[in-house]
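Letter by letter, the chains look like this.
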Amino acid sequence: MRILTILLCAFLVSCSGKSEFPAMPAPTLGVNPMQLDNKPLAKTTDKKIKKTEKITDEIATHDEVISQLYNASMVFTLPEIANINDNVRGQLIIDPSKTVDELTKDIDKNIRAKDSIKVSKILIAKLIAPDFIVTPITPEEQALTRTEPTIWLWNLDPKEAGIFTADLVVTAVVKIDDQATVHNIKTFSKELKIEIKPEQVIESWLEKYWQWLTTSFIAPVVVWLYKKRKKESEPT
């Protein structure tokens, strides 16, 4: 009985000695506690590094593109006023071997734009005119040479009379990264106005029926006048 009592007391003492709070884990040697939960900070830093690298690559790409551009002279001709039945012709000439004055000295009319622009080995020239039926005569994308002019031509058929606009856009095509990547750079853009006059009815009628008019009206009148003058000059 005494032994049972002693065992019961020892059990109660051992139970009362336990802490109500769990034991703290032992600190990890050589690790800063502030770094134990630092994963979000690491991800943010990686994103910033990647963003910086992307901006650096874009700057390098832009520099490489710009380094492939060079100067050339250009002149564009287009009538300012035309009749609705006229065939309106637009012409663009680009020549790296001449100055603007040299390029334009032999062109005496309809010069709507002239300038020195940046070009590349390949150029795309577009004439955008929603109020006309625009038909390219030459390819819009052409290879440019450094020794002779390159010419673009368009036909514009007006849909109606009025004052309209046409946009000339020149784009340089630059290939980088071993020709795998293509960059298009707009090097010239200008809006031009064109006035289309309505059909001249009288002029159009004369142009169409002048032969009939000559044989049916003018010739008989001339003959009658001749006979009348001859008769008046005869002695009575």
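In what follows, the accompanying structure is described. (Residues numbered from 1 in each chain as written. Predicted model: local features only at pLDDT ≥ 70, side-chain atom pairs only at ≥ 80, totals over all residues. Heavy atoms only, no water.)

A look at the overall build of the protein
- Within the protein, the regular secondary structure consists of four helices and 10 strands.
- Secondary structure elements in the protein, listed N-terminal to C-terminal, are α-α-β-β-β-α-β-β-β-β-β-β-β-α.
- Considering the protein as a whole, with its 236 residues, one finds that 24% of them fall into the buried category.
- In the protein, once contacts between residues fewer than 6 apart in sequence are set aside, the share between residues at least 24 apart is 69%.
- Put simply, the protein shows about 17900 Å² of open surface, and 58% of that area lies on carbon and sulfur atoms. (Helix = DSSP H or I, 4+ residues; strand = E, 2+ residues; numbered from the N terminus. Buried < 20%, exposed > 50% of the residue type's maximum accessible area, 1.4 Å probe, protein only. Contact = heavy atoms within 4.5 Å. Areas by Shrake-Rupley, 256 points an atom, 1.4 Å probe, with all protein chains shown as cover.)

Focus on the nonpolar core
- Within the largest apolar cluster, 33 residues are counted, with the highest numbers of intra-cluster contacts made by Phe-76, Leu-92, Ile-94, Trp-154 and Leu-156.
- Listing elements by their share of this core, those giving two or more residues are strand E1 (70–77), strand E3 (88–95), strand E4 (111–119), strand E5 (122–128), strand E8 (150–158), strand E9 (162–176) and strand E10 (181–197).
- Tallying contributions element by element places E9 first for this core, with seven residues.
- For Ile-94, the contacting residues outside a window of four places in its chain are Ala-72, Ser-73, Met-74, Ile-117, Val-119, Leu-123, Leu-144, Glu-148, Pro-149, Thr-150, Trp-152 and Val-170. (Core = buried A, V, L, I, M, F, W, Y, C linked by side-chain atoms within 4.5 Å.)

Thoughts on the sheet that holds strand E6 (residues 132–136)
- Spatially, E4-E1-E3-E8-E6 is the arrangement adopted by the five strands of the open sheet, whose pairing is antiparallel. The open sheet is flanked by E4 and E6, the only strands paired with a single partner. When strand polarity is set aside, the average angle formed by the axes of neighbouring strands in this sheet is 20 degrees.
- Where E3 and E8 come together, seven bridges link them in antiparallel fashion. Across the sheet, the residue bridging to Ile-94 is Thr-150, located in E8. (Pairing = 2+ DSSP bridges. Axes fitted to C-alpha atoms, helices over the stretch in contact; angles between N-to-C directions.)

Description of the packing of aromatic side chains
- Taken as a whole and judged by the stated rule, the model has two aromatic pairs.
- Aromatic pair Phe-76 and Trp-154: ring centres 6.3 Å apart, planes at 65 degrees, arrangement edge-to-face. Placement of the pair is Phe-76 in strand E1 and Trp-154 in strand E8, with a sequence separation of 78 residues. Summarising the burial analysis for this pair, Phe-76 and Trp-154 share the class buried. (Phe/Tyr/Trp six-rings, centres within 6.5 Å; stacked < 30°, edge-to-face > 60°.)

Description of the side chain of Asn-155
- Structurally, Asn-155 is set in strand E8.
- The class for Asn-155 is buried, based on a relative accessible area of 18%.
- Reaching out from Asn-155, the side chain makes a polar contact with the side chain of Arg-89 at a distance of 2.8 Å.
- For Asn-155, the residues in contact, after removing those within four places along its chain, are Asn-87, Val-88, Arg-89, Ile-133, Val-134, Thr-135 and Ile-137. (Polar contact = N/O pair within 3.5 Å; in protein donor to acceptor, adjacent residues only side chain to side chain.)

Quick word on the environment of Tyr-70
- Structurally, the position occupied by Tyr-70 is in strand E1.
- With relative accessibility at 11%, the residue Tyr-70 sits in the buried group.
- Sequence separation between Tyr-70 and Arg-146 is 76 residues; the distance between their C-alpha atoms is 10.0 Å.

Nothing here speaks to function; it is all geometry.
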